[in-house]
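Commentary on secondary and tertiary structure
Below, each chain spelled out in residue letters.
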Amino acid sequence: MRLPYEEPLTVLAPAEPVLPEPPRRGEPGGPPCTICAGTSRPPIWSDANWTLHPPAGSSLPGTVWLASRVHVDSFADLPGSVAVTFGPVAARVERAILGWGSFARIHLYRWGDGGAHFHTWFLPRPLGMLDAEGMMLPLWEDVLPNRPDEELVAAAKAIGAAMEASD
Ligand SMILES: [Zn+2]
């Protein structure tokens, strides 16, 4: 692993806690949920429980995010009937991305700090890019230049097509 920055870095002290935390998108008092409003990237694949979307800006073609159809916050809030389908659908997404590009591994992230609608990120680590192992992948993804939007959408559509084929 290697940071995408020059060494030595300076360690900072964390800021004082902000309490209460500001509401996120889709929380009471916060901005509207963009997923429910249909103003996020349109899905390139969906089924009864899940929608799969291209990123809005990324340096890593093959990146997609998976959202529940139901507006709930996290794993703990998913209805049981939906929660049990997460593993199988995540496996299909992973297989579809690995089948599309030359990747070592697919990293799966659930942050939840931006919006309160359950979604997980699938970030492919390019084969041989050992700099980006583990927690370094989202850092490298952030500092490398974004790829053209058409490329990101085309990659996601190919992944969506592979999802359809694996039904
Ligand atoms: Zn929502």
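The paragraphs below set out a description of the structure included in this document. (Residues numbered from 1 in each chain as written. Predicted model: local features only at pLDDT ≥ 70, side-chain atom pairs only at ≥ 80, totals over all residues. Heavy atoms only, no water.)

1. Describing the coordination of the zinc ion
Reference values for coordination geometry: four tetrahedral donors around a metal ideally subtend 109.5 degrees, six octahedral donors ideally subtend 90 or 180 degrees. Protein coordination of the zinc ion is provided by Cys33 (SG), Cys36 (SG), His71 (ND1) and His117 (ND1), with donor distances spanning 2.0 to 2.3 Å. Around the zinc ion, the four donor atoms sit at angles spanning 104 to 118°, and that spread fits a shape best called tetrahedral. Donor residues for the zinc ion sit on one chain with the sequence pattern C-x2-C-x34-H-x45-H. The class of cysteine 33 is buried, set by a relative accessible area of 11%. (Donors = N, O, S within 2.8 Å, 3.2 Å for Na, K, Ca; no water. Tetrahedral: all angles 85-135°; square planar, octahedral: opposite > 155°, others 65-115°. Buried < 20%, exposed > 50% of the residue type's maximum accessible area, 1.4 Å probe, protein only.)

2. Here we look at the nonpolar core
Ranked by internal contacts, the top residues of the largest apolar core, which has 22 residues, are Trp45, Trp50, Leu52, Val64, Leu66, Ile97 and Phe122. Counting only elements with at least two residues in this core, the list comes to β2 (50-53), β3 (64-68), α3 (86-100), β4 (103-109) and α5 (149-165). The leading source of residues in this core is α3, at six residues. When residues no more than four places from it in sequence are discounted, the contact partners of leucine 52 are Pro43, Ile44, Trp45, Val64, Trp65, Leu66, Val93, Ile159 and Met163. In terms of nonpolar packing, the next biggest core, distinct from the first, is built from seven residues, Tyr109, Ala132, Met136 and Trp140 among them. (Core = buried A, V, L, I, M, F, W, Y, C linked by side-chain atoms within 4.5 Å. Helix = DSSP H or I, 4+ residues; strand = E, 2+ residues; numbered from the N terminus. Contact = heavy atoms within 4.5 Å.)

3. Regarding the pairing of β2
The alternating pattern of β2 places Trp50 and Leu52 on one face and Thr51 and His53 on the opposite face, and all of these are buried. Of the pairings in the sheet, the one linking strand β1 (residues 45-46) to β2 comprises two bridges and is antiparallel in character. Bridging from a neighbouring strand, tryptophan 45 pairs with leucine 52 of β2. Here β1 folds back onto β2 in antiparallel fashion, the turn holding three residues. As paired strands, β2 and β3 are joined by four bridges and run antiparallel to one another. Across the sheet, histidine 53 pairs through a bridge with tryptophan 65, a residue of β3. (Pairing = 2+ DSSP bridges.)

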